[in-house]
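In case you want the letters, here they are:
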Amino acid sequence: MGSLLQVLFDALSLGSLYALGALGIALIFGVMRLVNFAHGDVIAACVFALLWPSVDAVAIIFAGNLPWYLLVPFVLAIGAALSVACEALVFRRFRHANPATMMIASFALGFVIRYFLLMLFSSRPKSISLLPALSQPVEILGARIPLLQLITIAVTMAVLFGLTAFLRRTRFGLEMRAAAENFTMARMLGVRANRVIMGAFALSGALAAAIALILGSQTGTANIMMGASVMLMAFIATVIGGMGSLAGAVLAGFLLGAVATVMQVILPPDARAFRDAFVYGAVILVLIFRPQGLLSARGTRERV
Amino acid sequence: MKRLMTALAATTCLTAPALADDERIVVGFATAETGFMQAYDKPAQDAAMIRIAEINAAGGLLGKQIEVVNADTKTDRAEGAKAGLTVIDAGADMVVVSCDYDFGSPAALAAESAGLPSFFLCAESIKAGIQGVGPNSFSASVLAAVQGATMAEWAHNKKGARTFYRLLDTWTEYNKGICDGFDWMLPQLADAKLVGEDTFLNEDASIAAQITRIKALPEEPDAIMLCTMMPGAVSAIKQIRAAGINSMILNGSGVDGSYWLSAVPDLSNFFVPVQGSIYGDDPNPDVTAFNARYKEATGGDPSTQYVYPGYVMIDVWAKAVERAGTTETAAVVAELEKMNAEPTLFGPRTFTSEIHHQNRARYLIVETKAGKPGVVDEWTISEAIPVAELMK
Amino acid sequence: MMSPSVARRTIATPVLLGLLLIAFALVAVAVGSKPFNQTVIDIFLKVIFVVGLWVFVGNSGVISFGHIAFACLGGYVAAWTTIKPMMKGMSMPGLPDWLMQTEIPYWGSAMVAAGWAALWALIFGSVLMRLSGIAASIATFAMLAMVNSIYSNWESVTAATSSVVGIPIIRSIWPYLVAALISVFVAWAYGISRHGLALRAARDEPTAAAASGIDIPRARLIAFVISGAIMGMGGALYSHSIGIVTPDTFYLGLTFITLSMLVVGGMGSLSGAVLGVLILSTLIQTLRWLEAGVQLGEITLALPGGVQEIALGAVMILILMFRPAGIMGNKDLSLPQRAALETRGPTGPRT
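This structure is a prediction, so every number in the text was calculated from the model and none was measured.

Rules used in this analysis
- Numbering of residues begins from 1 in every chain and follows the order in which that chain's sequence is written.
- Chain letters and ligand numbers both follow the written order, the letters beginning at A and the numbers at 1.
- Where local features are concerned, this predicted model is filtered to residues with pLDDT of at least 70; where side-chain atom pairs are given and counted, the filter is 80 or more; whole-chain, interface and lining totals use all residues.
- Here the side-chain values reflect all heavy atoms present in the structure, with hydrogen atoms and water set aside.
- Numbered from the N terminus, helices here are DSSP runs of H or I no shorter than four residues, and strands are runs of E no shorter than two.
- The reference for a compact globule is 2.2 Å times residues^0.38; the radius of gyration itself is calculated from the C-alpha atoms.
- Between buried and exposed lies partly exposed: a residue is buried under 20% and exposed over 50% of the maximum accessible area for its type, with that area taken using a 1.4 Å probe on protein chains only.
- Residues count as neighbours in contact if any of their non-hydrogen atoms are within 4.5 Å of one another.
- In these tables, accessible area is a Shrake-Rupley quantity obtained with a 1.4 Å probe, and a residue counts as shielded only by the protein chains included in the view.
- All tallies of charge rest on Lys and Arg as positive and Asp and Glu as negative; His and the ends of each chain are not included.
- One atom stands in for each charge, and that atom is NZ of Lys, CZ of Arg, CG of Asp or CD of Glu.
- Patch membership requires over 30% relative accessible area and the absence of a salt bridge. Like charges are linked within 9 Å, and nonpolar side chains (Val, Leu, Ile, Met, Phe, Trp, Tyr) within 5 Å.
- The rule for a salt bridge is simple: a side-chain nitrogen of Lys or Arg has to be within 4 Å of a carboxyl oxygen of Asp or Glu.
- Here a strand pair is declared whenever DSSP counts at least two bridges between the two strands.
- In this analysis, axes come from line fits to C-alpha atoms, helices being fitted only over the stretch in contact, and the angle between any two N-to-C directions falls in the range 0 to 180 degrees.
- Simply put, the buried area is the total loss of 1.4 Å probe accessible area from both parts when two parts are fitted together.
- The definition of a polar contact used here is a pair of N or O atoms within 3.5 Å, where within protein one atom must be able to donate a hydrogen and the other to accept one, and adjacent residues in sequence count solely through side-chain atom pairs.
- All residues other than Ala, Val, Leu, Ile, Met, Phe, Trp, Tyr, Cys, Pro, Asp, Glu, Lys and Arg, Gly among them, are scored as polar; the first ten of these are nonpolar and the last four charged.
- As a per-residue quantity, pLDDT reports the predictor's confidence and falls between 0 and 100.
- Disulfides are defined in this document as cysteine sulfur pairs within 2.5 Å.
- Helix span is expected to be 1.5 Å times the residue number reduced by one.
- The crossing is said to be left-handed when, going from far helix to near helix, the turn is anticlockwise and less than a right angle, and right-handed when the turn is clockwise.

1. Quick notes on the overall build of chain C
The helix and strand inventory of chain C stands at 17 helices and 4 strands. The C-alpha radius of gyration computed for chain C amounts to 20 Å, which stays within 12% of the reference 20 Å derived for 351 residues, consistent with globular compactness. Classification of the 351 residues of chain C by burial places 61% in the buried group. Put simply, of all contacts in chain C between residues at least 6 apart along the chain, 77% involve residues at least 24 apart. Counting every atom, chain C has about 12600 Å² of accessible surface; 71% of that belongs to carbon and sulfur. Here chain C carries 19 positive and 13 negative side-chain charges, and the mean point of each set is 12 Å from the other.

Below is the structure:
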């Protein structure tokens, strides 16, 4: 029982990370059909924002020592600001470009962010002790669960409920949902495009920052490439969830987390190294049977 | 230091193409000055430059000053091949290549086909040498397998560890090498038992599933052999301790250093094999003196033990050149292969015509206790790991 | 298969591109420096990869993140067929006996690699080509990740993540030039063939094309297999250019750089694919040269390390801002007097 519960928590916490990432990508895809490859680098940049630039091996903590009630808003603000800056400086000029061009532009932007961090901080991973209080295990029904896992799951749930309420109950949310369903139509009906897109980028950036906080406290490392693997999984989750469907992205994120965790548990030791091959095989199967994604958004036209 | 190297590089580049061998002695560094490998190559290269400066200050090698040329591999294999060719064109007599076998081998292969000796700065795979490059290639470090074997035997003999758990990060050959050495040693230890094993990937965001498997064991293992490297290592260690597992953790040298310890506050029961101590408590006072010289030259303390192989490399190569009386490849390689337990600042080094690497070496054991690392012991494995075993 | 008049009308494109590549090779020979020679070899390899990518991506309009998987398959074919049997036994003991004993020259391995990659393109393609748009893109990425995961862990056959060494190194520039020329001409011939035209019709007007009896999945599959073969050949030659092969050489890094070259050059035309490589490679090389330092009289000017990558990213964004369809847009290189004819030809205006 204890270990089963543990597996459940493992799957949920990994799934939470992917779901948060997928949400960040789906939000932007929804309003401007952009697959944002810079998302992973925004995650990394949020973690590095806690350090002073230096190429020494020992990290010089800057904001990392703030109490949590200041630290969390600080990082979220950094993420949102960086993301909005990306939109204002780069993506705004690609409104009418085709998706492939936007995709490559976002990749190039991510490349710029990554190498900028590399120049400031060197390639050596930096260690940070982020929210050390979360590194303790807690006992639940005979299972010892790291506190951070519980927080991760709780935060993700809170974000999901908060976002749902925001999208359902506020005017801004309504505009954003309308834009995601049919951007041109929404615009004709008086939705202010720039504001909605800015809002989507800000939300997406804040979500990236949330992932950065979780990854940072979980791994204790700031690493240039740290956002990359989450971003890839999130990207896949967005697609198999149904591009443009926020609920689908979240569902697929949790599903991917569960599949990866369960594979690690059930595969025999020799096959465990091939875990990713099985996971990606499953992705292909899902796509073959549901090319539009698990929950396809109405009004999502194929544009790539 | 950097300025000195660039100046040297600039002058030698201008005098290219290669001049006759007997006029100059040139060491070519085809290493990463940018990108991921830079963090590993730069410190070892700085140490190598210290040894070169020492030799030059003492009158040079064969009466000539050693010159240096550089080319950047950009942490890219195709660029590595170009960098190798660049330093060879600039007249290098010996080519120093990137720390890692995968990234260093293109340049080493270029040196090999030009008939020049090459040294990996700190590669720890058997392939970084005769087996993977050719008869003129060497590595300045110690095999990863020796690290795994050292930790297993030491933990068994000195700490009474009997039950072992093996956790392998399949990302690199280095990681697998540590676990291979551990696998070779374990059956030779009386009563030692492998109670479980698992794999993960360095970039895995979470290793919760792997940890759950450890916790499902009827009792906590005495020791966990953790075969991994940075950056994933910190994450794995942090998650293992956060899950409440307190077994001793055995590692390879890749996790040496105190720069990351802040990520896992109050880490204890944590053991790392090192060639020399960066913590100022090396049993050999000359090592501590070297650390001071390193700080003087680079402005910072050595951050890991991977600084040291660079120094050893120039040391043994210069000795071989001195003994051969020439930089001619065959003569230098023959002299290197005669070295048997050649004393260096960081323990004895042996090269044979069969293996250009250390399959047995003295290691210092560093224990981290309540977040403070320090040397607690030293250990040399009871017998050298057979070459046939390493090639498996 | 193709009408001679179309061939005559469009032959200027591959010929001009070929002359451009030959010019690069001649410059390398004239300079005579080994590192520069290696740089030009690297450019030719990128030309092969990007042209291979264009055959599928350019004609079908489906972005593929997976083509580097075929280069990986090809790269390992070079290891399997050209390394001395004794060395193979050490690094890859799981190979079947007949393959263990095989030792063929590099051009043979490149051809076998093309065939092997084409075979797998056929197998993967027959499943994946039913998908379109972003779902197809992500499925091709899943294919790349699968191949990478298998090749990174199949100890006995691929030596897992360890570099496989002993592949004969070919430092002469000519084989790479010939291979690049072959890919350009194959890509051109495919582009003007019945299948290529059908696929482009399906890209621009899927509904109309399907209604005219074009079997879209089949048309895509043909492009997928041909492009897979070109990538496979490129992968084998890549292995021969540096003498080692590892799975992570053929993963995200190479995927993104080749896709960027294609899109920046302009994925609508073959000329865009080739020029994208040549322009971005020249830019990268110039920036590297600046980064290494330029001697101006007494002083050495050097950009700080890392600026090269940042500048590259910025320039790519700028190019795309001002030319969203890439440098070439949808146009192909052609001789001036034929330009008028060209626009009415099969490679004419597209959206």
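2. Describing a nonpolar patch on the surface
A cluster of nonpolar side chains, C:Val15, C:Leu19, C:Ile22, C:Leu26, C:Val29, C:Trp174 and C:Phe185, forms an exposed patch at the surface whose accessible area comes to about 590 Å². By secondary structure assignment, the location of C:Trp174 is in helix α10 (residues 174-192).

3. Topic: the sheet that holds strand β6 (residues 163-169) of chain B
All names here are of chain B. In spatial order, the strands read β7-β6-β8-β9-β10-β11-β12; together these 7 strands make up an open sheet with mixed pairing. The outermost strands of the open sheet, each flanked by one partner alone, are β7 (193-200) and β12 (372-380). Direction aside, the axes of adjacent strands within the sheet are offset by 25 degrees on average. Packing of helix α7 (residues 173-185) onto the sheet brings it into contact with β6, β7 and β8 (223-227), and relative to β6 it is tilted by some 160 degrees.

4. What to know about the interface of chain A and chain B
Taken residue by residue, the interface counts 38 residues in chain A and 36 residues in chain B. Taking both sides of the interface into account, the surface hidden between chain A and chain B amounts to around 2900 Å²; carbon and sulfur atoms contribute 53%. Broken down residue by residue, the surface that chain A buries against chain B is led by A:Arg124, A:Ser127 and A:Gln218, which jointly contribute 18%. On inspection of chain A and its partner chain B, the count reaches 2 salt bridges.

5. Description of the interface of chain A and chain C
With 38 residues of chain A at the contact, the number on the chain C side is 42 residues. Across the interface of chain A and chain C, roughly 3500 Å² is buried in total on both sides, 86% from carbon and sulfur atoms. For the interface between chain A and chain C, the tally reads 0 salt bridges. In this assembly, chain A and chain C are joined by 3 residue pairs in polar contact (both at pLDDT 80 or more). Where the side of chain A that touches chain C is concerned, the elements lending two or more residues are α4 (99-121), α9 (226-241) and α12 (275-289) of chain A. It is α4(A) that contributes the most residues to the side of chain A that touches chain C, 13 residues altogether. Partitioned by chemical class, the residues of the side of chain A that touches chain C number 33 nonpolar, 2 polar and 3 charged.

6. Quick look at unusual backbone geometry
Residue B:Pro231 is bonded to the preceding B:Met230 through a cis peptide linkage, with omega at 0 degrees. Locating B:Pro231 in the fold gives a position in the loop between β8 and α9 (232-242). Of note, the phi angle at B:Thr75 is positive, near 55 degrees, even though the residue is not glycine. Of note, B:Thr75 is situated in the loop between β2 (66-72) and α3 (77-89). Overall, the relative accessible area of 14% leaves B:Thr75 in the buried class. Unusually for a residue other than glycine, C:Ala160 sits at a positive phi of about 50 degrees. Looking at where C:Ala160 falls in the secondary structure, it is placed in the loop between α9 (155-158) and β1 (164-165). Since its relative accessible area comes to 0%, C:Ala160 is described here as buried.

7. Points about the pattern of salt bridges
The final tally for this structure, using the stated rule, is 33 salt bridges over all chains. Measuring nitrogen to oxygen at the nearest pair gives 4.0 Å for the salt bridge that ties B:Lys74 to C:Glu309. With B:Lys74 in the loop between β2 and α3 and C:Glu309 in helix α16 (residues 307-322), this pair bridges two chains. With relative accessibility at 8%, the residue C:Glu309 sits in the buried group. Each of B:Arg51, B:Glu54, B:Arg293, B:Asp315, B:Lys319, B:Arg323 and B:Glu342 takes part in one network of salt bridges that share partners.

8. A word on the pairing of β6(B)
Residues and elements named next belong to chain B. Burial analysis of β6 places 7 of its 7 residues in the buried class, which makes it a mostly covered element. Residues Thr163, Tyr165, Leu167 and Asp169 point to one face of β6 and Phe164, Arg166 and Leu168 to the other, with burial holding for every one of them. In this structure, β6 lies alongside β7, joined through 7 bridges in parallel fashion. Bridge assignment links Thr163 to a residue of β7, and that residue is Lys193. Examined bridge by bridge, β6 and β8 share 5 bridges and lie parallel to one another. Bridged to Phe164 within β8 is Ala223.

9. Brief notes about the confidence of the model for chain B
Residue and element names in this part refer to chain B. With 94% of its residues at a pLDDT of 70 or more, chain B has an overall mean of 90. Helix α1 (residues 2-15) is the least confidently modelled element of chain B, averaging 42 in pLDDT, while strand β9 (residues 248-250) averages 97, the highest of any element. Confidence drops under a pLDDT of 50 for residues 1-21, and excluding neighbours within four residues, the segment shows 25 contacts in the predicted structure.

10. Looking at the side chain of C:Arg220
Residue and element names in this part refer to chain C. The topology assignment puts Arg220 in helix α13 (residues 216-242). We classify Arg220 as buried; its relative accessible area is 11%. Leave out the neighbours within four places in its chain, and Arg220 touches Phe56, Ser60, Val62, Met129, Leu131, Ser132 and Leu199.

11. Considerations on the state of the cysteines
Covalently bonding the sulfur atom of one cysteine to the sulfur atom of another cysteine gives a disulfide. Residues and elements named next belong to chain B. The final tally for this structure, using the stated rule, is 2 disulfides over all chains. Residue pairing for Cys99: its cysteine sulfur links by disulfide to Cys122, the two sulfurs lying 1.5 Å apart. Because the torsion about its S-S bond is 70 degrees, the bridge between Cys99 and Cys122 counts as right-handed. Taken together, the residues span a long stretch of sequence, with Cys99 in the loop between β3 (94-97) and α4 (101-113) and Cys122 in the loop between β4 (118-120) and α5 (127-131) at a distance of 23 residues. With respect to burial, Cys99 and Cys122 carry one shared label: buried. One disulfide bridge connects Cys179 with Cys227, the sulfur atoms lying 2.0 Å from each other. What sets the handedness of the Cys179 and Cys227 disulfide is the S-S torsion sign, and at about 95 degrees it is right-handed. Residue Cys179 is located in helix α7, and its partner Cys227 is located in strand β8; the two are separated by 48 residues in the primary sequence. On the accessibility criterion, Cys179 (0% relative accessible area) is buried.

12. What about α16(C)?
What sets the pattern is the α-helix's 3.6 residues per turn: residues three or four places apart point alike. In a regular helix each residue adds 1.5 Å, so 16 residues correspond to 22 Å; α16(C) covers 22 Å between its end C-alpha atoms and thus fits that length. Every buried residue of α16(C) is listed here: C:Val307, C:Gln308, C:Glu309, C:Ile310, C:Leu312, C:Gly313, C:Met316, C:Ile317, C:Ile319, C:Leu320 and C:Met321.

13. Focus: the side chain of A:Thr101
Looking at the secondary structure, you find A:Thr101 in helix α4. Using a relative accessible area of 2% as the deciding quantity, one classes A:Thr101 as buried. Within polar-contact distance, the side chain of A:Thr101 engages the backbone oxygen of C:Pro324 at 2.7 Å.

14. With respect to the sheet that holds β2(B)
By way of backbone hydrogen bonds, the strands of a sheet pair with one another, either parallel or antiparallel. All names here are of chain B. The 5 strands lie next to each other as β2-β1-β3-β4-β5, forming an open sheet whose pairing is parallel. The open sheet has two edge strands, β2 and β5 (137-139), and neither has a second partner. This sheet shows a mean twist of 25 degrees between the axes of neighbouring strands, independent of strand direction. Here strand β1 (residues 25-31) pairs with β3 via 4 bridges, running parallel. What sits directly across from Ala30, in β3, is Val97.

15. What to know about the packing of helix α7 (residues 106-128) of chain C against α13(C)
Between two packed helices, what matters for the description is the angle formed by their axes and the separation of those axes. Residues and elements named next belong to chain C. Here α7 crosses α13 at 145 degrees, and the two axes come no closer than 7 Å. Here α7 runs over α13; the crossing is right-handed. Where α7 approaches α13, its residues Tyr106, Ser109, Ala110, Ala113, Ala114, Ala117, Ala118, Ala121, Leu122, Phe124, Gly125 and Ser126 are matched on the opposing element by Leu221, Phe224, Val225, Gly228, Ala229, Gly232, Met233, Ala236, Leu237 and His240. Of the residues that constitute the contact of α7 with α13, the class distribution is 16 nonpolar, 6 polar and no charged.

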